[in-house]
Amino acid sequence: MTWAGLLIALLGALGYALGAALQQYEAVAGGASLKLVRRPRWVIGGVIGLTGASLHAVALSFAPLVAVQPISVATLVFAVPLAALMYGRRPYRAEILGSLAVAVGLVWLMLLVPAHNVVPHLTDGAALAFIGVIAAIALVSELVARRLRGPGKALLMSVGAGVVTASVSTFVRVVGGGMQGDWGRLLHWFTLVVPVLLVCAVVLLQRSYAIGYFGIAYAGVQVVDPVTSVLAGAILLGEPLPASPSTAVPALLAGALTIAGTITLGRLAPDHSRPVAVESIPVPPALTSASDRS
């Protein structure tokens, strides 16, 4: 059943990547507002992304968080080039190298986590505490991001989006993995909190995309989401983490590779849906006076 979950997760992650690229293009063009629902491309991207998220939810019913979450990271390699094609250009070499570094580093890091399928169980008190921590992180990220610009702002906002997205995966894992064939277990407030968190995650994602740095925003979410999910799985659901000292050095190398790739993506220029017209660029005074003398 675990392999079935992994295959479903891969299909869902590919759909999520395509949907994210479409929605980021429209978010840059129109801003992260309710007007996005009037843009057909954004709606199509949302449908594709929702389908991918639904497949991801199904995958979590068959396999644990620590096995499913790394699959979504690999789509960073596809999402960034797809976003570049949306702007009618080839992907920058730095985009490709940065995406590969983040994806390889994080998948490597996640593979160090032992896969062990346990039936998830979460108490009401632990669930409320978890939501409180997630809300606090998202709020702090939002407040700090307001003081920043450029890739730093996109990265901070993606942190908030990533932790909320991870909370959705965690509750989906608890609901889906804990059913054990009993559909009556869906009648729980955990089921109701999933769509609420999902809406919050979508809003935060669009706000991070609208800044224009898709590579850093998408990479930030893909890093924060699985790391938070794995920690939630280990702390709240009893899923194991690597305990052998021999995994420490590989984990450090994988983390360094992920950080290097994220920095590379953060140094890229932002994308804009409408290029600046050449005639609208003002001529510097020094050049104007030089041309007059000639």
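Structure first, text after, so check above.
Described in the following lines is the structure provided in the data block. (Residues numbered from 1 in each chain as written. Predicted model: local features only at pLDDT ≥ 70, side-chain atom pairs only at ≥ 80, totals over all residues. Heavy atoms only, no water.)

The next point concerns the overall build of the chain. Scanning the chain for helices and strands turns up 11 helices and zero strands. Reading the secondary structure of the chain in the N-to-C direction produces α-α-α-α-α-α-α-α-α-α-α. For the chain, buried positions account for 45% of its 294 residues. Counting only carbon and sulfur atoms, one obtains 72% of the accessible surface of the chain, whose full area is about 14,700 Å². (Helix = DSSP H or I, 4+ residues; strand = E, 2+ residues; numbered from the N terminus. Buried < 20%, exposed > 50% of the residue type's maximum accessible area, 1.4 Å probe, protein only. Areas by Shrake-Rupley, 256 points an atom, 1.4 Å probe, with all protein chains shown as cover.)

Taking 1.5 Å per residue as the helical rise, helix H8 (residues 189–209) with its 21 residues ought to reach 30 Å, and the 31 Å between its terminal C-alpha atoms agrees with that figure. Regarding H8, the residues found buried are Phe-190, Val-193, Val-194, Leu-197, Ala-201, Leu-204, Leu-205, Gln-206, Ser-208 and Tyr-209. (Expected span 1.5 Å × (residues − 1).)

Counted by the stated rule, this structure contains five salt bridges. Across the salt bridge formed by Arg-39 and Glu-26, the nearest N and O atoms sit 2.8 Å from each other. Separated by 13 residues along the polypeptide, Arg-39 in the loop between helix H1 (2–30) and helix H2 (40–62) and Glu-26 in helix H1 bring together distant segments of the chain. For Arg-39, a relative accessible area of 27% corresponds to the partly exposed category. In this structure, the salt-bridge partner of Glu-26 is Arg-41, at a minimum N-O distance of 2.7 Å. One end of the pair, Glu-26, is in helix H1; the other, Arg-41, is in helix H2, with 15 residues separating them in the sequence. On the basis of relative accessible area, Glu-26 is assigned to the buried category, the value being 5%. (Salt bridge = Lys/Arg side-chain N within 4 Å of Asp/Glu carboxyl O.)

Below, the discussion takes up the nonpolar core. Of all hydrophobic cores here, the largest spans 53 residues; its most connected members are Leu-122, Val-164, Phe-171, Phe-190, Tyr-209, Phe-214 and Tyr-218. When residues of this core are assigned to their parent elements, the largest contribution, nine residues, is made by helix H9 (residues 214–235). In this structure, Tyr-218 is in contact with Tyr-16, Ala-17, Ala-20, Thr-75, Leu-76, Ala-79 and Tyr-209, ignoring residues within four places of it in sequence. (Core = buried A, V, L, I, M, F, W, Y, C linked by side-chain atoms within 4.5 Å. Contact = heavy atoms within 4.5 Å.)

The subject of this paragraph is the packing of helix H6 (residues 124–145) against H8. Relative orientation and spacing of two packed helices are given, respectively, by the angle between their axes and the distance between those axes. Where H6 contacts H8, the two axes come as close as 13 Å, and the packing angle between them is 10°. Comparing their axes, H8 and H6 come out roughly parallel. Between H6 and H8, the contacting residues are Asp-124, Ala-127, Leu-128, Ile-131 and Glu-142 on the first element and Trp-189, Phe-190, Val-193, Leu-204 and Arg-207 on the second. Here the residues of the contact of H6 with H8 are counted per class, giving seven nonpolar, no polar and three charged. (Axes fitted to C-alpha atoms, helices over the stretch in contact; angles between N-to-C directions. Parallel < 35°, antiparallel > 145°, perpendicular 65-115°, else oblique. Nonpolar A, V, L, I, M, F, W, Y, C, P; charged D, E, K, R; others polar.)

We now examine a nonpolar patch on the surface. Together, Ile-96, Leu-97, Leu-100, Val-104, Trp-108, Val-249, Leu-253 and Leu-257 line one region of the surface with nonpolar side chains, adding up to about 680 Å² of accessible area. Counting residues per element, the ones that place at least two in the nonpolar patch are helix H5 (93–111) and helix H10 (248–266). For the nonpolar patch, the element with the highest residue contribution is H5, accounting for five residues. (Patch = residues over 30% accessible without salt bridge, like charges linked within 9 Å, V, L, I, M, F, W, Y side chains within 5 Å.)

Moving on, we get to the packing of H5 against H9. Relative orientation of the contacting elements H5 and H9 amounts to 5°, with a least axis distance of 11 Å. Taken together, the axis directions place H5 and H9 in an arrangement best described as roughly parallel. Only Ala-219, Gln-222, Val-223, Pro-226, Val-227 and Val-230 of H9 make contact with H5, whose side of the interface consists of Val-102, Leu-106 and Met-110. For the contact of H5 with H9, a count of residues per class yields eight nonpolar, one polar and no charged.

Our next topic: the side chain of Ser-141. Mapping Ser-141 onto the fold places it in helix H6. What Ser-141 contacts, discounting residues up to four positions off in sequence, is Leu-156, Val-159 and Gly-160.

Tallied over the full model, the rule gives seven aromatic pairs. Where Phe-171 meets Trp-189, the ring centres are 6.4 Å apart and the plane angle is 55°; that geometry is what we call tilted. With Phe-171 in helix H7 (residues 150–177) and Trp-189 in helix H8, this pair connects stretches of sequence that are 18 residues apart. Ring centres 4.7 Å apart and planes at 75° place the aromatic pair Trp-189 and Phe-190 in the edge-to-face group. Classification of Trp-189 as partly exposed rests on a relative accessible area of 29%. You can call Phe-190 buried: its relative accessible area is 4%. Within the aromatic cluster, the residues linked to one another by ring pairs are Tyr-16, Tyr-209, Phe-214 and Tyr-218. One cation-aromatic arrangement involves Arg-89 over Tyr-92; the distance from NZ or CZ to the ring centre is 4.0 Å. (Phe/Tyr/Trp six-rings, centres within 6.5 Å; stacked < 30°, edge-to-face > 60°. Lys NZ or Arg CZ within 6 Å of the ring centre and 35° of its normal.)

From the geometry alone we can't say anything about function, so treat these as descriptive.
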